[in-house]
Amino acid sequence: MGASNSPSFFPDRVHIALEIEIPSDVRYIERVVEIVAMQCAQFAYPARQRCLNIPVALSEALSNAILRGNGERVGARVQVKVDVTRERLILEVLDEGLGFDFEDCLTDPTEPGNLEREDGRGLFLMTQLMDRIERFSNQGNVVRMTLTRND
Amino acid sequence: MSFAIKKQGDIVVVDVEGQLIVGNRQELKQRVLDELEKGERKFLIDFSQTGYIDSSGLGVLVSLSKKIREQGGELRLANLNDDLKTLFELTKLDTLFQISDTRERALETF
């Protein structure tokens, strides 16, 4: 196909959707984060969102799915659905567990009494770094995170 | 992702190369605790080569700081980029640690 016939890239009209399925193993987290960050780089998302919001929030969601949702069960899988446009990113992380009540798990780790706790920051960071967090069941437990581009 | 540990005077300096996340936090914890066990008391973690840190990574830093303090020592941090500074501010962990802008400054004032 000649260059004159190549479709032009219109970032405002393009929508990337992909699904990643991984074994339920924390060693896969970093690679999944890299793949998602790469998609957002295609749309030139701001560095702060690519280097902080997305990696940290997605790492937390994947850790929760692997360690809590699937409970480190051998053979369990985790699915990640990525839907990114120039305006916003939607990430869905699906595990094979029964899910949990967000409200019950959401403590404030910045309270003086919690500051020296080793755990309890995961969901807090997800809510701080993403614009919207939803949890629902769909043949497993799904956490959906939405981030609106902010530049 | 890996950790490089070296001694500068009486200070153990740890470089975190790559991410500090759930997959490697135990390695960092064990390596620092090994040094504490050997009698080291001053620790500096340098994040100049670090990408991102998740809640498990932050948790390990909190836990190590506590254990080192219990032995009469101190854990300090240096070279957080703007994203990492924001992470520490969001979680208020910037109030728990002494954080220096540069490694040199941290070593001078330890």
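Quick note: structure is the one above.
This one's a predicted model, so the numbers in the text were calculated from it and none came from an experiment. Within any chain, residue numbers begin from 1 and follow the written order of that chain's sequence. In the order they appear in the text, chains get letters beginning with A and ligands get numbers beginning with 1. The model is predicted, so local features are restricted to residues of pLDDT at least 70 and side-chain atom pairs to those at 80 or more, both for listing and for counting; the totals for chains, interfaces and linings are taken over all residues. Values shown for side chains rest on all heavy atoms present in the structure; no hydrogens or waters enter the calculation.

A. Region of interest: the interface of chain A and chain B. In this assembly, 25 residues from chain A lie in contact with 27 residues from chain B. Summed over both sides, the interface of chain A with chain B buries roughly 2200 Å², with 60% coming from carbon and sulfur. For the chain A face of the interface with chain B, the top three residues by lost area are Glu30, Glu116 and Glu118 of chain A, together amounting to 29%. For the salt bridge of Glu118 of chain A with Lys29 of chain B, the shortest nitrogen-to-oxygen distance reads 3.7 Å. A 3.5 Å cut-off defines polar contacts: any pair of N or O atoms within that distance qualifies, except that in protein one atom must be a possible hydrogen donor and the other a possible acceptor, and neighbouring residues in sequence count only when both atoms are side-chain atoms. Across the contact surface, chain A and chain B share 6 residue pairs in polar contact (both at pLDDT 80 or more). By the criteria applied, helices consist of DSSP H or I runs no shorter than four residues and strands consist of E runs no shorter than two, each listed in order from the N terminus. Mapped onto the side of chain A that touches chain B, the elements with two or more residues apiece are helix H1 (29–42), helix H2 (47–69) and helix H4 (122–129) of chain A. By residue number, the principal contributor to the side of chain A that touches chain B is H2 of chain A, which donates 9 residues. Classification convention: Asp, Glu, Lys, Arg as charged; Ala, Val, Leu, Ile, Met, Phe, Trp, Tyr, Cys, Pro as nonpolar; all other residues, Gly among them, as polar. Split into classes, the residues belonging to the side of chain A that touches chain B amount to 13 nonpolar, 5 polar and 7 charged. We call two residues in contact whenever any of their non-hydrogen atoms come within 4.5 Å of each other. What counts as buried area is the accessible surface, traced by a 1.4 Å probe, that two parts surrender upon association, with contributions from both included. Salt bridges are counted wherever a side-chain nitrogen of Lys or Arg sits within 4 Å of a carboxyl oxygen of Asp or Glu.

B. Structural view of unusual backbone geometry. A positive phi is found at Ala44 of chain A, a non-glycine position, where the angle reads about 55 degrees. Tracing the sequence through the fold places Ala44 of chain A in the loop between H1 and H2. Each residue gets one of three labels from its accessible area relative to the maximum for its type: buried under 20%, exposed over 50%, partly exposed in between, using a 1.4 Å probe on protein chains only. Note on Ala44 of chain A: relative accessible area 47%, which makes it partly exposed. Its identity as a non-glycine residue notwithstanding, Lys92 of chain B has a phi of 60 degrees, on the positive side.

C. Seen up close, the packing of aromatic side chains. Only Phe, Tyr and Trp rings take part, Trp by its six-membered ring, and two of them pair if their centres are within 6.5 Å. Stacked means planes under 30 degrees apart, edge-to-face means over 60, and tilted covers everything else. Taken as a whole, this structure holds 1 aromatic pair over all chains when the rule is applied. On the numbers, 6.2 Å between centres and 75 degrees between planes, the contact of Phe88 of chain B with Phe97 of chain B is edge-to-face. Of the two residues, Phe88 of chain B and Phe97 of chain B, neither departs from the other in class, the shared state being buried. Over the ring of Tyr45 of chain A we find Arg149 of chain A; its NZ or CZ atom is 5.1 Å from the centre of that ring. The criterion for a charge sitting over a ring is simple: Lys NZ or Arg CZ within 6 Å of the ring centre, and within 35 degrees of the ring normal.

D. Region of interest: the side chain of Gln39 of chain A. Residues and elements named next belong to chain A. Within the secondary structure, Gln39 is located in helix H1. Classification of Gln39 as buried rests on a relative accessible area of 14%. If we ignore the near neighbours within four places in the chain, the residues touching Gln39 are Ile16, Leu18 and Val84.

E. Geometry of the nonpolar core. By convention a nonpolar core is built from buried Ala, Val, Leu, Ile, Met, Phe, Trp, Tyr and Cys residues, the set being connected through side-chain atoms within 4.5 Å. Counting 67 residues, the largest nonpolar core has Leu58 and Met145 of chain A together with Leu28 and Phe47 of chain B as its most contacted members. Formed by 6 residues, the second largest nonpolar core is a distinct cluster that contains Val13, Leu44, Ala78 and Phe110 of chain B.

F. Highlighting the pattern of salt bridges. Residue and element names in this part refer to chain A. Taken as a whole and assessed by the stated rule, the structure comprises 22 salt bridges over all chains. When the shortest N-O distance is used, the salt bridge between Glu96 and Arg73 registers 3.8 Å. Here Glu96, found in the loop between strand E3 (88–95) and helix H3 (102–105), pairs with Arg73, found in the loop between H2 and strand E2 (77–85); they are 23 residues apart in sequence, far enough to count as distant. Here the salt bridges share partners, and the residues they tie into one network are Glu92, Arg132, Glu134 and Arg144.

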